[in-house]
Amino acid sequence: MAGRGGAAATVDPQPQRAMSYATVTATARIPGTMFAITHASKAAEVLQANQQQLKTKVSVALGGVPVQWSDARSPCLKDLRVLTSHLQNLEITRREAILFDQTQTTALEGRQGAQLVLMSSYEADVASLAAFFTGHVLPVRLKAESRSEYHRAWRSFVTYCVAFNELPNAFPTTVPLFQGYIAHLMMYQYAPATIIKHISAVIARNRDYGHILLQRGELTRYCESIKKSLIGGVAQRTRFRLFPEHLQKFAQLQCHGDLVLERNVCIAMVGTVGACRKSEIMGADVCDWVEGRDYDSRRGQPLGASLNIRAQKNSLVPKSKKFAYGGAPETCVVLKMRMYMERAALRVQPGCQKWASPQGAGVKCRLCGPLFPSFPFGKPAALGARQGLSKHTVGAAVTDLLERIQADHKHYTSKSMRQGGLSTAKRAGIPKALRMAQSGHRSQAHKIYESDSSSGDEAPGVPRAAPQGGWKLEDLYQFSRQFGL
Ligand SMILES: [Zn+2]
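Remember, it's a predicted structure, so these values are computed and weren't measured experimentally.

A. Quick look at the overall build of the chain. From N to C terminus, the chain includes 16 helices and 5 strands. The buried share of the chain, taken over its 485 residues, is 32%. Here the contacts in the chain between residues at least 6 apart in sequence split such that 66% fall between residues at least 24 apart.

Take a look at the structure:
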C-alpha cells in the first residue's frame with residue numbers, strides 16, 4: 001500500500017493498461033501522502049502486495065479466526081457472518097444493515113405461488129415491521145444477479161472496514177470511510193466503471209436502511225473525478241469486440257478431454273452469439289438451454305437451441321436467445337454445447353420445474369445446477385454441489401482462449417462478447433428489433449455497444465420490422481446465422 005520509496009525502479013516501455021499509472025516511469029512517492037505511484041509493469045506485483053497486506057490486516061482485526069476469501073480482486077470476505085460476534089454491542093438495526101445477505105430468497109419469494117396472507121404478531125413493534133420490509137420486501141425489486149452483484153460489492157466494502165478497524169461505522173457509513181473506500185479500490189487497479197459499481201452498492205445499502213450517504217448530484221461529481229483521475233489525458237481503452245473469426249478459431253481448438261477448455265469455448269461462443277451479459281452466462285442453469293424445440297414452419301426442421309433468460313411478464317413464455325445450427329459441424333455452437341453438456345454430465349433433472357410453472361420461471365433451479373459450472377480438479381462436481389462461475393472466472397476464460405489463438409487481448413473487457421455479437425449482427429443488417437430480441441435490451445441502450453462504423457444494410461430475407469402476427473421463429477434465429485459458424 002505505502003510505496004517502498006527506496007525500491008529501484010526499472011523502466012519498462014510496455015505499458016500494460018491505458019491508465020494514468022502507465023505514464024509513470026519510476027516509483028514516486030506522492031508528496032504529503034503515504035502512497036506512491038509506480039510503473040505499470042509492476043501492476044501485478046503491487047496488486048499482490050496490496051492484497052496480502054489487506055488480508056493480514058483483516059486477520060489481525062478478527063483476532064486470527066480463520067476466514068474464507070472470495071476470488072475478487074480486492075480481498076473480500078466470503079461470508080459476513082464471521083463478523084457477528086464483533087457486532088454484539090451494536091444496536092440491532094445497524095447490525096442487520098451490515099450483515100443482511102440480500103442474495104437469500106426472501107420468505108415472500110419462497111411461498112411457491114400461495115396467496116400472501118400476512119399474520120400480524122402482537123409483539124411486533126415499528127422496528128420489527130421496518131425490518132420485515134427491508135429484509136423481505138425491498139430486495140425483491142432487484143433481479144437475482146443484481147442482488148448477488150450488490151452483495152459482493154457490499155462484502156468487499158465491509159472487508160475494507162474490518163481491515164481499518166472501522167467495522168461499526170460500516171452502517172451508517174461515514175463520508176470519510178466512504179471516500180477512503182474509493183481510494184482503496186483504486187489500489188486494486190479497478191477500471192472506473194467497476195469502482196462506480198462498487199460504491200453504488202454502498203450507497204444503495206445505506207439508502208435501503210434509511211441513511212442518505214451522498215446528497216443529490218454528489219455521486220456524479222465523484223464519478224467524474226474518478227474517471228478523470230484514472231483515465232486522465234490518456235485515450236480511453238479501445239473497445240475490444242469478439243468477432244466471428246475469433247469464434248471460429250476458438251471452436252477449432254483441440255480440447256483433448258480438457259473439460260475446462262471445452263466449457264470456455266462454449267462460454268465465448270454462446271456469450272458472443274447470444275450477445276450475453278456476463279451475468280447471464282453466470283446465471284444460466286442447465287435447464288435454460290433447450291435444443292430442438294423450435295421448428296421451421298416451412299421446412300418442418302428444428303432450428304437450433306434457445307437459451308432462456310427470464311420469463312416474459314405474466315406468461316410462461318421465456319425471453320430467450322436463439323442459436324441456429326451451424327453450417328459446419330466443427331464450428332456449430334449448438335453441437336459444441338451438446339458435446340460439452342454430454343461430457344460434463346449436465347442434464348435436466350427429473351422434477352425440474354423451472355419453466356413449468358409461473359413460480360418456477362426465472363427462479364434459479366436448484367435441481368439441475370449451473371450450465372457453466374466450475375470444474376474442481378477438471379471434473380464435474382457431484383450434482384447438488386455444483387458451483388457457478390464468478391465474473392472473474394468468466395473474464396479469465398475468454399482471456400485464456402484469446403491467448404491460445406494468439407490474439408492480442410490487452411483491450412479485452414467484460415463487454416467484449418456482448419459488443420461483438422451486436423456489432424456483427426448490425427453489420428450484417430439484422431434489424432434493430434431482432435437485435436434487441438437477442439440481446440434482451442429493453443431500451444435504446446444497445447446502441448452504445450454497437451460499432452458506429454457499420455452501415456447497417458439490410459440482411460437479405462429478414463424483415464425490417466416485426467411482421468403482422470409477430471416474428472416467426474425462424475426470424476429470431478437470423479441473428480445467430482450472421483456469424484457464419
Ligand atoms: Zn432445472
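Text resumes after the structure shown.
B. Focus on the packing of helix α9 (residues 259–273) against helix α11 (residues 333–343). Put simply, α9 and α11 touch, their axes get as near as 10 Å, and they point 145° apart. For α9 against α11, the interelement crossing comes out left-handed. Across the interface between the two elements, Leu 259, Glu 262, Arg 263, Val 265, Cys 266, Met 269, Val 270 and Val 273 of α9 pack against Val 333, Lys 336, Met 337, Tyr 340 and Arg 343 of α11. Grouping the constituent residues of the contact of α9 with α11 by class yields 9 nonpolar, no polar and 4 charged.

C. Just unusual backbone geometry, in detail. That bond from Phe 171 to Pro 172 is cis: its omega, -15°, falls within 30 degrees of zero. Structurally, the position occupied by Pro 172 is in the loop between α4 (144–163) and α5 (175–186). Unlike most non-glycine residues, His 256 shows phi in positive territory, near 45°. Exposure remark for His 256: the 7 C-beta atoms within 10 Å place this residue in the exposed category.

D. Looking closely at the nonpolar core. With 55 residues, the main nonpolar core has Leu 247, Ile 267, Ala 268, Met 269, Val 270, Val 333 and Met 337 as its most contacted residues. It is α9 that contributes the most residues to this core, 7 residues altogether. Dropping the residues within four chain positions of it, Val 333 is found in contact with Met 269, Val 270, Val 273, Phe 323, Gly 326 and Leu 485. One finds Tyr 150, Phe 157, Cys 161 and Leu 167 within the second-largest nonpolar core, a separate group that totals 30 residues.

E. Highlighting helix α14 (residues 432–439). For α14, the set of buried residues is Leu 434, Arg 435, Ala 437, Gln 438 and Ser 439. The inward-facing, buried residues of α14 abut β5 (318–324), α13 (416–427), α15 (473–476) and α16 (478–481). Two residues or fewer after α14 comes Gly 440, characterised by a positive phi angle close to 75°.

F. Region of the structure containing the packing of helix α6 (residues 192–208) against helix α7 (residues 218–231). Across the interface, α6 lies against α7 with an axial gap of 10 Å and an inter-helix angle of 155°. Considering the angle they form, α6 stands roughly antiparallel to α7. Here α6 runs over α7; the crossing is right-handed. Two secondary-structure elements touch here, α6 through Pro 192, Ile 195, Ile 196 and Ile 203 and α7 through Leu 219, Cys 223, Ile 226, Lys 227, Leu 230 and Ile 231. Looking at the contact of α6 with α7 residue by residue, the class counts come to 9 nonpolar, no polar and 1 charged.

Procedures and definitions
Residues numbered from 1 in each chain as written. Predicted model: local features only at pLDDT ≥ 70, side-chain atom pairs only at ≥ 80, totals over all residues. Helix = DSSP H or I, 4+ residues; strand = E, 2+ residues; numbered from the N terminus. Buried ≥ 20, exposed ≤ 12 C-beta atoms within 10 Å, placed from the backbone. Contact = placed C-beta atoms within 7 Å. Axes fitted to C-alpha atoms, helices over the stretch in contact; angles between N-to-C directions. Left-handed = near helix turned anticlockwise from the far one by under 90°. Nonpolar A, V, L, I, M, F, W, Y, C, P; charged D, E, K, R; others polar. Core = buried A, V, L, I, M, F, W, Y, C linked by C-beta atoms within 7 Å. Parallel < 35°, antiparallel > 145°, perpendicular 65-115°, else oblique.

This is a description of form; function is not addressed.
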